[in-house]
Structure formats: C-alpha cells, structure tokens
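Each chain, letter by letter, is given below.
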Amino acid sequence: MGVTRRDFIKISGAGAAGLVLTQLGFDLSPIEIYAQEFKLKGAKETTTVCCYCSVGCGMIVHTDSQGKIINLEGDPEHPISEGALCAKGAASYQIAVNENRLKKVRYRAPYSDKWKEVSWDWALDKMAANIKKSREASFSPKNAAGQVVNRTNGIASVGSAAMDNEECWLYSKMLRALGLVYIEHQARI
Amino acid sequence: MTNHYIDFRNADVILNMGGNVAENHPVSFKWIQAAQEKGAVFIHVDPRFTRTSTKADIFVRLRSGTDIAFLGGMIKYIFDNKLYDEFYVKNYTNAGFMVNPKFNFNDGLFSGYDAQKRSYDASTWALEKDEAGIPKQDPTLAGDRTVFQLLKKHYDRYTLDKVSDITGTPKEDLLKVYQAYGSTGTPDKAGTELYAMGWTQHTVGVQNIRAMSIIQSLLGNMGIAGGGVNALRGESNVQGSTDQALLFDLLPGYLPNARAQWATLADYNKTNTPSSKDPRSVNWWKNRPKYVASYLKTMYGEKATKENDFGYGWLPKLDPTQNASWLNLFDEMYKGAFTGFLAWGMNPACSGAHAGKVRQAMTKLDWMINVNVFDNETGSFWNGPGMNPKKIKTEVFQLPCAASMEKEGSISNSGRLMQWRYKAVNPPGVAKPDGDIMYELFKKVRALYEKDKGVLADPILSLKWDYETNGHFDIHQVAKEINGYFLEDVPEHPVDKKAYKKGTLVPSFVFLLDDGRTSSGNWVYCASYTEAGNMAARRKKTDPTGLGLYPEWSWAWPVNRRIIYNRASVDLEGNPRNPKRALLKWDAEGKKWVGDVPDGPAPPMGDKGVYPFIMKPDGVASLFGPGLKDGPFPEHYEPLECPIEKNLMSGQMINPAIKLFKEGMDKFASCDPKYPFVCSTYRVTEHWQTGVLTRWLPWLIEAEPQMFVEMSLELGKLKGIKNGERVMVSTHRGQVEAVAIVTNRLKPFLVAGQTIHQIGLPYHFGWLHPKKGGDSANLLTPTVGDPNTMIPESKAFMANVTKLAKQPAPKARKA
C-alpha cells in the first residue's frame, strides 16, 4: 500500500516513533519528521483547483494563523489528480507569494511614458465615464437596413477563461447590457 | 469532451493526435498509463517527437496540416477491411439515410460553391425526407445515395500512396496506426481520441475533428466508457467561459446570439428551434424557447415581461451574417473601429495571431482596460519594442485582480466537471476578485445613466444587478442565478404535477418554463446549485459503476452526466454492449436506467423507442454532417501557407471557404523560397499560454528561461546552425530571435518526392519579462482562420530560420 504525504504526516505526528517507522518501512531521522510536522502544524487547509490547464487537479493550500500561504500541494483525495501536480501546478504557490504581483491600480495617460498609481474610486469613475462616452458615440439603434440592432459598435472585449464561471457569466451579462457584440476570448484562439 | 479524464483508463486504444498530452496536460497522463498497464495501446501522431511520444507504443510523424489526409486514409482502411461496427452504424448513425440527389463532390468542391464569395450555398447538402417529414432510410446501406456509400466513395480516393505522399508519413507507419485503431470496431473494445490545439489551429480545424468523429461513429466508439472525441482544452476554465458565452455568436448555454433579422423573440425561436417530425428523435433543442425565456429573466428580472418579449429587444444584435470573432475584431481595431477596449484576463499582444498587427491595432484606441494578476505585454503595449509612447494616445487602466486561490467560485474542466474553489488567502495590495471589479464598474456606469439617460438607457437601467449579501458582492448569489429560480409559485408543474415554491432553486433544466415563471442564467448549469446545496462543492468518492465516474464528486453538466450520448453504449433492449464496462443498463422490472445519468429517461430504443443522440435533430450520429461551412465530409486542403505547389487530392489548393485577409499588414505566401520551412507553435510543461502566469514565477522561469526553436539535425546542417546558437526565425509577418535546439526530435519529411523541413517554437514568451527571454511566436503567425470557428492557423505556416551573425561570447569554462 502506498503512503501518501498526508498519511506520512498523520503517521509521523502520531508520536510512537518505533511504530511509525515500522509502518513506513524505512528509516528517517527524527529531525526530518519534526521539521515536516512543524511547518504545517496548526495550518489551515483550504481546497482549491489548479488555475492552469483543463485537467482540474485538486490542491490544498496551507495558511498560517496570520492568513499567509505557507504551503501548497496536491490534494490526495482528488479523484483525477490523486495528489499529483505538474511543474506549473506545484509552482503556483509563487502566484500568491510573489513580489511582482500587481498590487495597485495603475493608469497610463495619453502620450505618457509611465504608469501612475491611482485609487480604485478615481479609476472606476474615469472608466465608467469612458465607457459611457464610447457607447454614446457609437451606439446604433438600427443597422443600415433599418433593422433594430441596439448595439455599441465602438467597444470590444476579450477575456477570460482565467475567470470563474460566475465571473464569466456576470461579465457576459455586463457586456451585453452595454450593447457590445465584439465579445471574444481564449476559446477562439 | 464527450467523456472525461479518468475515463482514459477504460480505453483499449488511445490515440493522441493533435496534441501533446504528457507535456500540456501532464497529470492526466496517469490515466493513459493506467490503461497501458492493463494492456491498452497508446498511439501518438505528431510532427514532432515529444515527451508524449516517449511513452507511446506507436509513434508516427506527419507533416503539420495534413491530418485529414491521414484520417481519410483510416476511414478507407476501415471500409476496405470491414472494421466498422455494423450494429452501431446501422442503428445509431445516419449511415442508412439518403442524401439529396443534387448533392455532389467534384475536384475538391462540394455542390453549391460560389467562388466570388468564397462560400457555399449548402441547400443541396441535405438528407431526403418522406411525405411525413421523416428522413428516408435504406437499412441495407447498399443504395448509391445512402450516406454510407457516399462516405465510402469519398474516402476511396485516400489511398495509402496518396496519403503517404501528402503527410510524409511512411506507408508502414500509416498501416501500424490504422490497424491498431481500427481494432476498436467491436463492442468489447473501446478507442478514444485526445486532441488539443494541434487540431483546432488550422484552416481545416473543425473538419479535422469531424474526420475523427466519423471514425469514432463507424467504430462504435461514441457514448461508451473509454471512447469519445476528447478536447483537452488549454485553460482551467475555458470550458466554463465557453459555456457562459464570452463569444460573439453565443448566449449562455449554446443559444445563438440575437441577430437583426430576428426582430422579436418569436422570430428568434422560430429560426433557432429545430423541429423533427420523427417520433423517434428526442430533438432536445425543441426546448430552446424555455432556456431563452429563463435566460432573459436573469438579464432583466422583473423588467422582463411577456408583454415586452422578456426584454429580448434590448439585447444587442449582430447584423444578419456578421462575424465579430477574434481575427475580425482585431482587424476592425486595426482599422480604427473602436475607441474602447477591455482586455480582461487576457494578453492578446502575445496570444493573438499576427501579434504585430494586434499591437499596432491597440495604438488606435482611445482607452483600454487591462485586468490581470501580473503586468503583461497588452497593458504595457505602449512601452513595447518599436513603440514610441509619446505618439500613442491610448489611455490604459491596469487593474490588479485576485488569483485563483484568493477568491471563491467554480471552474469547469474539459470533462465538464464543475469544481468549486474556496478562498485561501487575501489578494495582495488593493487587488480584488474579477467579480467584485466588474460588479463595481457596472454600478458606476449605471449611476451615470441614472443621472443622464443618453441613448437607450433601458437595457442598462433594467439590468438585474443585485448580487449583494450584507452589502458585499456575493459570488454564491451569482452561482444560484446561473442555476435559476422559480419566480412564482407553480402549483402543478407540467413535468411532474408537483408544486414548486416561488424563490426556490430549480432542480434541473427539465423544469424550466417558457412563460417567465422560471429563471436560469445558463440552462446547461441548471441543477448545479439546488435546494440540496452547491453541487460543485461535493467531495464524496463513491464509484458505483467501477468506471471512475465518481458521480458525487463535484458536478458535471449536463445534469451530472459524466459521458455524453451514453445511450449509444447499450443494445436495443438496454443491455450494455460491453458488459465488462457497463456504463448504463436498463432495469426492466424497475423501469429505470442504472449507471451513469442517461441521455434522457426514455426506455431503451427497442423497435419503436427513441434514438440515442438526443441533441441531434435526427437522433443519430452524423456521418454526413450538413451543418458546416466547408462541406459535409472532411476533405484535405493545404494550409494557407504550404510548402508544395499542388494539392495532391484535388485542384483546390486551400480550403475554399476561408476568409482571406489581404490588406494592410496582412501578408502570406506559399512556396516562397524566402520562407521554405513548415513552422508550428506549441507549449512546454513549465509555461502556460503567453506566460503571464508563469514567466513571473522564479521556479518556472528558471526551468524554461527563454525562447527556442527546434529543428532537425539535417536542417541544422543545411543552414549551418549548431545546437545552442542564436538564430532569427522569420515569416512574412515578423521575426523572433531564439536559441536553436538542433535535435533528433524533428526529422525531414518526404512529401511527394520532395524533402520538407519542419521547425517549431513555443509561444510563451514576451518582451516584458524576462528581459532577454525573447518575444512572442505569434509575431510570426498569419491572420487566417477556420471558416467555421475562425480559430487561427498557428500550427502550420511557412518560415525561415537563419543564424545570427553576432553570437554571444562563449562562457568561460571552469577548470
């Protein structure tokens, strides 16, 4: 019978060292066992699913009492992946813990050569005004043949298969309410 | 996918053609290996030897863009050797149906072609019907006009010699694959096909997949455990985003988008609701009006009434034949048609075919909204190579969003498995989940319209936009609305005569109504979030069939069916045709199906029961498929850019129905000595798509730090390029610098007596990061797409590769 890493931690955390080592069938230094236990002791486990390809591998994210990610690994209970992850999935810890993440709202003014940090409120107001302006300027109640079309010709959107189902649905709803027909995303490429 | 990942283990023969499963869907490979351990044969067909090939029992090469020739030869082999599953073909496909006598095929063209318009009038591609409107059939399959005989005749031309000449695959290699795969035409054997962008990114992309569907239908491999035609999709939720219709031509749940010629909901329903006069055909799409009405109720809520067509008039409408898909979108942007653009969770500056044109197109915009987890070449396009920021007017808003483990919601994998993800941590800085961002943004837009109405404010002011719990955006409320509610008390539901309470969640799409009493944001997801709870969050691992369906682990659309068309796995009495892998069985005493969720509850087909393919108007699998733009049978055409002067199959060089972009920056050429090598783009395990979510990760960029191009030892010799040297890859559109990998993984092809070299490179890189990693391979690819899907032809185009005069100084060797 295979011993998964979770089993291993469970067993190694049980205490009676002699029994543990017999169960595992091989020797490990007590220090290593202690280190493994220490790292995840008291950690909160949250299940998630990998964000990369479409296999849908299960993952467990361990967070500490401060809410910080301290570990991410394959979910051994998951029927498709059975605890396995590929190089990308295993590295996805570094998506969350990464100093290169976008952390601020940024704005690039016309003809500018740099980004400027702005607030959500400022950006949302300006984006909403832009959307309205473009919609007003390009809205066609009817097409050339006189048929009702009620569409905004001057705005297009691409994205995103990287969003959750609920977000995709909501995004589709918003774009259609604004009158867009140029709505595309990753599935087309 | 018709089937699902774990199901690979149930196959006897697995064909991976049009993909590289070991490197691009690595963890799923365990199920291929599980099948191999039980004796299954794994076949890999690809231009390049990859890590998938290393594990294959049979690996054979073919030239990029010649899959239909390869598969056409297999169809001929199946006919010549009578390997087809006769019971299945006679009962579950349209093999015995009669085709319109005016249909014909001559020298690469089907009847009805208009060379001026580069399109077909498909009216002759029809099945004949009797006076009652039921398709005429010849159960002997012997008549000249039967689908069976026409199919046989069409592929009789795909001889081994011809196929080998086109594909560059030696005849003995073709035979190896044909024999192995053709062995699955008996009820006790299952064959499955796994494909990815290696089949879709061609000007014959849809027909590649159609050709395989024909093979699977002939061999009786559809609707069975270990069978199917399975798209291994590239993104974790590209199945879901397609289902939710982030595409110009669809509304959620595969409802066609509204068009100008359908002025009213009645017009829309009349054109888009297929009918069948055959009592044996379930014709599930007859229910379309219920799904549309329920969708419109989620759009406009109480403002959607019977009197106003549930708000149908407010939906934006395409012109009658307008195609607003990706390539056209960027062509329009390049011509200056848009002032505003949202690149939300996407990086088209690297992912779009002919990326140089895409980047130029962005300079024509007034504003762009770019939402992402990391900075990317799209949001920062104004700062890229060849751009002068001082001359670019585009305002850019770059919004930081939460990563997958920083928010809650569901994603759907390729097996249509909808899995719930929980939030583990907060996003960094001021980053927010995409859902929160769009929720706030639309509220701002709506507030502006409340203040000053402007043009047609009704669809904005009437939109149902109320997904808050305790003052915060709540994704569960959206999930529930996608499932749908009863909006009024239904004292006696027409389906089961039971009472349903207003405000309760609809148990499944069977209960949706067309009169406004139900809502459902996406009918295929109806049953995902019910009064019994959030089905996508389930984690119970029962496996009653022993086939790995795990019906209580999360939830699969539709209605938790794990294998689509599963009624084709049983005989006319409802007994499994392969008792060893019994997917479904009719319990005659209990009068119910046991096993997977059946494709409809009707009893077995028997003499008078219903056909198994319930989504098809005729109820059977389409060997003859009249619904496409480029013909009812797949036919080999060369890629838009190809290395040979003549299509060996016919006088039609390229797919006659593709749109040609010839203006502005769009250029292409065949047999141009400047660009003599066939080129493909592809992926590696350590990166993903344009690399936005991988290039910034230190572990991954260390593993795969830079752009490379693979070529054969023979080509390296021919061009004087050694392994590790820096080279330039160029096409009519652009050029990309790369490190040469001169390798045995590629070999020259012998195509019609001519030596053809093929090269390939990954498309994960971009100029922004890492600094010396190289730019996007899509600077090379052409603006051309499949006529049905408009997916670009990134897998076969013509390029050159040359050694750079300046090579980096060799590193000093340590003593």
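Just so you know, these numbers come straight off a predicted model, no measurement behind them. (Residues numbered from 1 in each chain as written. Chains lettered and ligands numbered in written order. Predicted model: local features only at pLDDT ≥ 70, side-chain atom pairs only at ≥ 80, totals over all residues. Heavy atoms only, no water.)

Novice: Can you break down the pairing of strand E3 (residues 69-74) of chain A residue by residue, with the values?
Specialist: The side chains of a regular strand alternate, first on one face of the sheet and then on the other. For E3(A), the buried fraction is high: 5 of the 6 residues fall into the buried class. Counted along the chain from strand E2 (residues 58-63) of chain A to the antiparallel partner E3(A), the turn is 5 residues long, and its residue Gly67(A) has a positive phi close to 80 degrees. (Buried < 20%, exposed > 50% of the residue type's maximum accessible area, 1.4 Å probe, protein only. Helix = DSSP H or I, 4+ residues; strand = E, 2+ residues; numbered from the N terminus. Pairing = 2+ DSSP bridges.)

Novice: Give me the sheet that holds E2(A): which residues, what numbers.
Specialist: Residues and elements named next belong to chain A. One open sheet accounts for 3 strands, arranged E1-E2-E3; its pairing is antiparallel. The sheet terminates laterally at strand E1 (44-49) and E3, the two strands that pair on one side only. Sheet twist, expressed as the mean angle between neighbouring strand axes with direction ignored, is 25 degrees. Two elements, E1 and E2, share 6 bridges in a ladder whose sense is antiparallel. Each residue of the ladder has a partner; that of Thr-47, found in E2, is Ile-60. (Axes fitted to C-alpha atoms, helices over the stretch in contact; angles between N-to-C directions.)

Novice: An account of the pairing of strand E31 (residues 797-803) of chain B is needed here, citing residue identities and associated values.
Specialist: Residues and elements named next belong to chain B. Most of E31 sits out of view: 5 of its 7 residues are buried. For strand E24 (residues 677-682) and E31, the ladder comprises 3 bridges, and the chain directions are antiparallel. In the sheet register, Val-678 faces E31, and the bridge partner there is Met-798. Both strand E26 (residues 726-730) and E31 contribute to a ladder of 4 bridges, which runs antiparallel. Residue Met-728 lies in a different strand from E31, and its bridge partner there is Thr-802.

Novice: Let's hear about the interface of chain A and chain B: which residues, and what values?
Specialist: In this complex, chain A contributes 114 residues to the contact, which on the side of chain B involves 164 residues. Carbon and sulfur atoms supply 63% of the area buried between chain A and chain B, which totals about 12400 Å² over both sides. Remark: the boundary between chain A and chain B carries 13 salt bridges. The interface formed by chain A and chain B includes 83 residue pairs in polar contact (both at pLDDT 80 or more). Per-element tally for the side of chain A that touches chain B: the top contributor is helix H6 (residues 120-138) of chain A, with 16 residues. Of the residues that constitute the side of chain A that touches chain B, the class distribution is 59 nonpolar, 29 polar and 26 charged. (Contact = heavy atoms within 4.5 Å. Buried area = accessible area lost by both parts, 1.4 Å probe. Salt bridge = Lys/Arg side-chain N within 4 Å of Asp/Glu carboxyl O. Polar contact = N/O pair within 3.5 Å; in protein donor to acceptor, adjacent residues only side chain to side chain. Nonpolar A, V, L, I, M, F, W, Y, C, P; charged D, E, K, R; others polar.)

Novice: So what's going on with the packing of aromatic side chains? Residues and values would help.
Specialist: Aromatic ring pairs are defined here through the distance separating the ring centres and the angle between the ring planes. The final tally for this structure, using the stated rule, is 51 aromatic pairs over all chains. Judged by centre distance (6.4 Å) and plane angle (75 degrees), the rings of Phe103(B) and Phe633(B) are edge-to-face. Taken together, the residues span a long stretch of sequence, with Phe103(B) in the loop between helix H5 (86-92) and strand E4 (105-106) and Phe633(B) in the loop between strand E23 (592-595) and E24 at a distance of 530 residues. Take Phe103(B) and Phe633(B): they sit in the same class, and that class is buried. Both rings, one in Phe442(B) and one in Trp465(B), keep their centres 4.8 Å apart while their planes meet at 55 degrees; by these two values the pair is tilted. Separated by 23 residues along the polypeptide, Phe442(B) in helix H17 (residues 434-451) and Trp465(B) in the loop between helix H18 (458-461) and strand E17 (468-469) bring together distant segments of the chain. Every member of this aromatic cluster is reached through a ring pair, and the members are Phe103(B), Phe105(B), Phe110(B), Tyr113(B), Tyr120(B), Trp125(B), Tyr155(B), Tyr158(B), Phe624(B) and Phe633(B). Here the guanidinium or amino end of Lys116(A) rests over the ring plane of Trp122(A), the centre of that ring lying 5.4 Å away. The cationic tip of Arg48(B) hangs over the ring face of Tyr682(B); the distance from NZ or CZ to the ring centre is 3.4 Å. (Phe/Tyr/Trp six-rings, centres within 6.5 Å; stacked < 30°, edge-to-face > 60°. Lys NZ or Arg CZ within 6 Å of the ring centre and 35° of its normal.)

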